[in-house]
Amino acid sequence: MFPACKYTLQARQCLCSLKVLQREHLPSLFCATRWSSSSSTTPRITSHYTVYPRDKDPRWEGVNMERFADEADVVIVGAGPAGLSAAIRLKQLAGEQGKELRVCVVEKASQIGAHTLSGACIEPSTLQELFPDWKERGAPLHTPVTEDKFGILTEKYRIPVPILPGLPMNNHGNYIVRLGHLVSWLGEQAEELGVELYPGYAAAEVLFHEDGSVKGIATNDVGISKDGSPKDTFERGMELHAKVTIFGEGCHGHLAKQLYKHFNLRQHCEPQTYAIGLKEVWVIDEKKWKPGRVEHTVGWPLDRHSYGGSFLYHLNEGEPLVALGFVVGLDYQNPYMNPFREFQRWKHHPTVLPTLEGGKRIAYGARALNEGGFQSLPKLTFPGGLLVGCSPGFMNVPKIKGTHSAMKSGMMAAETVFSKLTNENLQSETKGLCIPEYEENLKNSWVWKELYSVRNIRPSCHGLFGVYGGMVYTGIFYWILRGKEPWTLKHKGLDSAQLKPAKDCMPIEYPKPDGKISFDLLSSVALSGTNHEHDQPPHLTLKNDNIPVNNNLAIYDGPEQRFCPAGVYEYVPKETGDGMRLQINAQNCVHCKTCDIKDPSQNINWVVPEGGGGPAYNGL
């Protein structure tokens, strides 16, 4: 893992030392007065400037809002597999052709890889293409798959399902990895090539030229109090300008969301659909350890109409570790569903429990993942920028894999961008370069072909027989026809629109955690290393502070207190005793983005907190 202090220092030196901006002394009236709620019945929850602009807040009068700016050839947002692959490939090409190219990568995590979470069982083909000598370089792929198991769970039994060659779930030739460690390693390779890495700097804003093309990004301001007022330590963020900006924020990136609207990138595709993945790492009894074993299940504890399943991977990293997790599609309908507690209940299944008994849980985390596939891919390019990786959604859902395609999209983006930047006869209608060739090249690649071939598997689970109908569909139409059926099925629509009113659903009774196999939420979040500066505006912003109680609680019995895997949302009695209010524990947030996706009112908007905040995963 990269030392945060080292890179923070380097970033400050390179970016001309983000100085503390001097501000004029505010009148004591404004310093002493908290911004009170405009409603007499609903306490103010949101204080973020994206909802309440500073130019209308008297506490910000006289504050110097000048930002320093720096120039690069390419700026990449997000140091994940896609963003780092793009950065590495750009510098490889520049070295091969003797070109000078400045590539900057900004990452909101305090360390490269600290916000990365995945299963993960990966295909090594793209890594092999990026670094043919990855083994000699010491890439952390230590566990080749040796055994592949799949089953359907009932409450007490496991029905084995054969994994035939050619089916998406076949993992022959793949590796079980701790993806955060692989991402950290990719960061080391990128730095050796001359890529400038800036962990702890969250990209908070997209910048535009006067002609409407993307100019670059601005990092977030720091030194703002929880009530939205400036502290004495207030610092304005930094502007990074580039000829091309590559957005690789991961699933449901908050800047990508803005770009979708600004450039209407989702005009010709279906809405994206998502799942939440919850993961733990355990040290188990060595006698039960089977290095290289991969196990997946569907079925219990979910019903057939709730898409999801489990994974259990045996790692080979010097001690008897297993990575296990549970994935729940966010198109579920019952507002009483609690994905975290479904995960905890699953661990008590008679075929899972024996592996964990006598073991110790050492890590926990959660992250949303894209499930829309081919039908939900947006337009990938726009003047001044493009989208890579899980930001647009290149995950192969039936394979439960996206790292290989994310990396490939980053590499193809780099190759197309490099070709454009080094074209001596380049002519551009906009200041920010438009690179439509990237999307054209992707459509002619194996990435597009792979996603197209499995396009109907996820939506086939929406029928009468649910997940089991999808398995039959996979066996007939994918295994035999390889996705060549002359139709394309549709998804159900936005995940946020799928919940039924609470009055129409049965509450779900979950067993209490035993503290040995199953655990409560807060002790789990503690294992994620999550930390935020407490005195800053909550980055879980509400467009309207009244909606949670008036709509979500009244109609859906407050589903955000159940679908959040980190205990961020709670409905608590008002201090006045006349009703309930929503309390947001933003410091608990693991940056999974589930709330932004599943909120039935679409009232929650996730924005970046101060850079460096969030989980501190160690190889999740």
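As a reminder, the structure under discussion sits directly above these lines.
Described in the following lines is the structure provided in the data block. Bear in mind that the values here come from a model prediction, so they are computed numbers and not experimental data.

**A word on the overall build of the protein chain**
Thought 1: Counting secondary structure elements, the protein chain contains 16 helices and 24 strands.
Thought 2: For 620 residues, the compact-globule formula gives about 25 Å, and the C-alpha radius of gyration of the protein chain, at 24 Å, lands near that figure.
Thought 3: Overall, the protein chain is about 70 × 70 × 50 Å in size when its C-alpha atoms are taken along their principal axes.
Thought 4: Buried residues in the protein chain amount to 60% of all 620 residues.
Thought 5: Within the structure as shown, the protein chain displays about 25,200 Å² of accessible surface, and the carbon and sulfur contribution to it stands at 52%.

**Structural notes on the sheet that holds strand 16 (residues 308–314)**
Thought 1: Judged by pairing direction, the sheet is mixed, and its seven strands sit side by side in the order 6-5-15-16-17-14-18 without closing on themselves. Of all strands in the sheet, those bounded by a partner on one side alone are strand 6 (158–160) and strand 18 (360–370). Averaged over all pairs of adjacent strands, the angle between their axes in this sheet comes to 20°, without regard to strand direction.
Thought 2: Taken together, the seven bridges between strand 16 and strand 17 (residues 321–329) define a ladder with antiparallel strand orientation. Residue pairing in the sheet places Gly308 in a bridge with Val328 of strand 17.
Thought 3: Contacts between helix 7 (residues 339–346) and the sheet are confined to strand 5 (147–153), strand 14 (274–283), strand 15 (293–299), strand 16, strand 17 and strand 18, with strand 17 contributing the most and set at about 135° to the helix.

**Some words on a nonpolar patch on the surface**
Thought 1: A cluster of nonpolar side chains, namely Leu164, Val472, Ile476, Trp479, Ile480 and Leu481, defines an oily patch on the protein surface of about 530 Å² accessible area.
Thought 2: For Trp479, the position within the fold is in the loop between helix 12 (466–478) and helix 13 (521–526).

**As for the pairing of strand 14**
Thought 1: Burial analysis of strand 14 places nine of its 10 residues in the buried class, the great majority of the element.
Thought 2: Where strand 14 lies against strand 18, 10 bridges are found, and the strand directions are antiparallel. Pairing of Val283 across the sheet is with Lys360, part of strand 18.
Thought 3: With nine bridges joining them, strand 14 and strand 17 adopt antiparallel strand pairing. Its bridge partner being in strand 17, Ile276 is matched across the sheet by Val328.

**Brief notes about the nonpolar core**
Thought 1: Trp282, Leu324, Leu356, Leu540, Val568, Tyr569 and Ile584 are the most contacted members of the largest nonpolar core, which has 69 residues in total.
Thought 2: For this core, the element with the highest residue contribution is strand 17, accounting for six residues.
Thought 3: Setting aside residues up to four positions removed in sequence, Leu356 forms contacts with Trp282, Ile284, Val322, Leu324, Lys347 and Ile517.
Thought 4: Formed by 56 residues, the second largest nonpolar core is a distinct cluster that contains Ile122, Trp134, Tyr438 and Leu442.

**Re the pattern of salt bridges**
Thought 1: Evaluated as defined, the whole model comprises 31 salt bridges.
Thought 2: Two residues, Arg54 and Asp221, come together in a salt bridge whose shortest N-O distance is 2.7 Å. Of the two residues, Arg54 sits in the loop between helix 2 (28–32) and strand 1 (69–77) while Asp221 sits in the loop between strand 10 (214–219) and strand 11 (222–224), which places them 167 residues apart along the sequence. For the pair formed by Arg54 and Asp221, the shared burial category is buried.
Thought 3: Here Glu439 and Lys443 are joined by a salt bridge, their closest N and O atoms 3.5 Å apart. Of this pair, Glu439 and Lys443 both sit in helix 10 (residues 437–443), four residues apart, which is roughly one turn of the helix.
Thought 4: Judged by its relative accessible area of 12%, Glu439 is buried.

**Here we look at the environment of Phe382**
Thought 1: In this structure, Phe382 sits in strand 19 (residues 381–382).
Thought 2: Here the alpha-carbon distance between Phe382 and Gly432, two residues 50 residues apart in the chain, equals 9.1 Å.
Thought 3: Residues within four places of Phe382 in sequence aside, it is in contact with Val214, Phe247, Leu259, Phe263, Leu265, Leu387, Leu433 and Cys434.

**With respect to the sheet that holds strand 4 (residues 143–144)**
Thought 1: The antiparallel open sheet is built from three strands, whose spatial order is 3-7-4. Edge positions in the sheet fall to strand 3 (121–122) and strand 4, since each has one partner strand and no second.
Thought 2: As paired elements, strand 3 and strand 7 (residues 175–176) share two bridges and run antiparallel to each other. Across the sheet, residue Cys121 finds its bridge partner in strand 7, namely Ile176.

**Some words on helix 7**
Thought 1: With seven of its eight residues buried, helix 7 lies for the most part within the structure.
Thought 2: For helix 7, every residue scored as buried is listed here: Pro339, Phe340, Glu342, Phe343, Gln344, Arg345 and Trp346.
Thought 3: Here helix 7 starts with a cap whose side-chain oxygen sits 3.2 Å from the backbone nitrogen of Phe340, and that cap is Asn338.

**Considering the environment of Gly151**
Thought 1: One can find Gly151 in strand 5.
Thought 2: The sequence separation of Gly151 and Trp134 amounts to 17 residues, and the corresponding C-alpha distance is 34 Å.
Thought 3: Ignoring any residue separated from it by four or fewer positions in sequence, one finds Gly151 in contact with Arg158, Ile159, Pro160, Val161, His296, Thr297 and Val298.

**A word on the side chain of Thr416**
Thought 1: Locating Thr416 in the fold gives a position in helix 9 (residues 403–421).
Thought 2: At 3.3 Å, the side chain of Thr416 forms a polar contact with the side chain of Asn441.
Thought 3: Ignoring anything within four residues of it in the chain, the contact list for Thr416 reads Ile435, Glu437, Tyr438 and Asn441.

**Here's the deal with the packing of aromatic side chains**
Thought 1: Within this structure, the stated rule accounts for 16 aromatic pairs.
Thought 2: On the numbers, 5.7 Å between centres and 90° between planes, the contact of Phe340 with Tyr364 is edge-to-face. In this pair, Phe340 is assigned in helix 7 and Tyr364 in strand 18, connecting sequence segments 24 residues apart.
Thought 3: What makes Tyr364 buried here is its relative accessible area of 0%.
Thought 4: Each residue in the set Phe208, Phe247, Phe263 and Phe382 is aromatic and connected to the rest through ring pairs, giving one cluster.
Thought 5: One Lys or Arg, Arg455, reaches over the ring of Tyr452 and ends 3.9 Å from the middle of that ring.

**Quick notes on the pairing of strand 16**
Each regular strand displays side chains that alternate between the two surfaces of the sheet.
Thought 1: In terms of burial, strand 16 is largely enclosed, as seven of its seven residues are buried.
Thought 2: On strand 16, burial covers both faces: Gly308, Ser310, Leu312 and His314 on one face and Gly309, Phe311 and Tyr313 on the other are all buried.
Thought 3: In terms of strand pairing, strand 15 meets strand 16 through four bridges, oriented antiparallel. Directly across from Glu295, in strand 16, lies its bridge partner Leu312.

The rules behind these values
Residues numbered from 1 in each chain as written. Predicted model: local features only at pLDDT ≥ 70, side-chain atom pairs only at ≥ 80, totals over all residues. Heavy atoms only, no water. Helix = DSSP H or I, 4+ residues; strand = E, 2+ residues; numbered from the N terminus. Rg over C-alpha atoms; globule rule 2.2 N^0.38 Å. Buried < 20%, exposed > 50% of the residue type's maximum accessible area, 1.4 Å probe, protein only. Areas by Shrake-Rupley, 256 points an atom, 1.4 Å probe, with all protein chains shown as cover. Pairing = 2+ DSSP bridges. Axes fitted to C-alpha atoms, helices over the stretch in contact; angles between N-to-C directions. Contact = heavy atoms within 4.5 Å. Patch = residues over 30% accessible without salt bridge, like charges linked within 9 Å, V, L, I, M, F, W, Y side chains within 5 Å. Salt bridge = Lys/Arg side-chain N within 4 Å of Asp/Glu carboxyl O. Core = buried A, V, L, I, M, F, W, Y, C linked by side-chain atoms within 4.5 Å. Polar contact = N/O pair within 3.5 Å; in protein donor to acceptor, adjacent residues only side chain to side chain. Phe/Tyr/Trp six-rings, centres within 6.5 Å; stacked < 30°, edge-to-face > 60°. Lys NZ or Arg CZ within 6 Å of the ring centre and 35° of its normal.

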